Amino acid sequence: METLQETQNKMLNKGLRDEESIRIENTLRTLHALIFVPRFWNAEDISLVDEQLKSFGLSLERTIEIPEEELIILLQRCHLDWNQQEKFADILIHLSQEKQFDFLGKALAIYQYIQRESKVFSFGINAKITSAKNK
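Trainee: Can you walk me through the nonpolar core in this structure?
Mentor: The tendency in soluble globular proteins is for nonpolar side chains to be buried as a group. Within the largest apolar cluster, 37 residues are counted, with the highest numbers of intra-cluster contacts made by Val-49, Phe-56, Leu-58, Leu-71, Phe-88, Leu-95 and Ile-110. Counting only elements with at least two residues in this core, the list comes to helix 1 (4–36), helix 2 (43–53), helix 4 (68–77), helix 5 (82–97), helix 6 (104–117) and helix 7 (123–133). For this core, the leading source of residues is helix 6, giving eight residues.

The structure is reproduced here in structure tokens:
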């Protein structure tokens, strides 16, 4: 049987995970809003995106430099769930549409990782993999 302390610790941990998940969702939503509008990507635009990426230990420059495998590990360490990792990859795809950034390989690696490791086949992710390969 669980003690009262163990039950309280589990509830506290769940509360912290929920708070962290909400923070991650808010950051992803803000990033999506920043990049959804076509931009000329001046220093101000880049600094707004960098400010949001900081919560994942990234910047646009660091995202360019980081190897795909390290990026996936970083997203895991930041506790992004499968859905949040997919959203992050979607953001990378959208950033790549402007041709100033090329994150297609990183997005593709994230999609493939999710498809392989989540143990659930997703037609949506599979379509995103195919689309990224064809760009």
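Trainee: I tried to follow the packing of aromatic side chains on my own but got confused; where do I start?
Mentor: Aromatic ring pairs are described here by two measures, namely the spacing of the ring centres and the angle between the planes. A full pass over the atoms with the stated rule returns four aromatic pairs. On the numbers, 5.7 Å between centres and 50° between planes, the contact of Trp-82 with Tyr-113 is tilted. Pair noted here: Trp-82 is in helix 5 and Tyr-113 is in helix 6, with a separation of 31 residues, a long-range link. The class for Trp-82 is partly exposed, based on a relative accessible area of 34%. Overall, the relative accessible area of 13% leaves Tyr-113 in the buried class. Ring geometry for Phe-121 and Phe-123: centres 5.0 Å apart, planes at 85°, overall edge-to-face.

Trainee: Explanation requested: the packing of helix 4 against helix 5 in the structure shown.
Mentor: For any two helices packed against each other, the geometry is given by the interaxial angle and the distance between the axes. Contact geometry for helix 4 and helix 5: axes closest at 11 Å, N-to-C directions at 135°. Compared by their axis directions, helix 4 and helix 5 come out oblique. Crossing angle aside, the handedness with which helix 4 passes helix 5 is right-handed. Within the contact between the two elements, helix 4 uses Leu-71, Leu-75 and Gln-76 and helix 5 uses Gln-85, Phe-88 and Leu-92. Residue composition of the contact of helix 4 with helix 5, by class: four nonpolar, two polar and no charged.

Trainee: Explain unusual backbone geometry here, please?
Mentor: Working note: non-glycine residues mostly have negative phi, and peptide bonds are mostly trans. The backbone phi angle of His-79 is positive, close to 65°, even though this residue is not glycine. Locating His-79 in the fold gives a position in the loop between helix 4 and helix 5. The phi torsion at Lys-119 lies on the positive side, around 65°, for a residue other than glycine. Mapping Lys-119 onto the fold places it in the loop between helix 6 and helix 7.

Scoring rules and cut-offs
Residues numbered from 1 in each chain as written. Predicted model: local features only at pLDDT ≥ 70, side-chain atom pairs only at ≥ 80, totals over all residues. Heavy atoms only, no water. Core = buried A, V, L, I, M, F, W, Y, C linked by side-chain atoms within 4.5 Å. Buried < 20%, exposed > 50% of the residue type's maximum accessible area, 1.4 Å probe, protein only. Helix = DSSP H or I, 4+ residues; strand = E, 2+ residues; numbered from the N terminus. Phe/Tyr/Trp six-rings, centres within 6.5 Å; stacked < 30°, edge-to-face > 60°. Axes fitted to C-alpha atoms, helices over the stretch in contact; angles between N-to-C directions. Parallel < 35°, antiparallel > 145°, perpendicular 65-115°, else oblique. Left-handed = near helix turned anticlockwise from the far one by under 90°. Contact = heavy atoms within 4.5 Å. Nonpolar A, V, L, I, M, F, W, Y, C, P; charged D, E, K, R; others polar.

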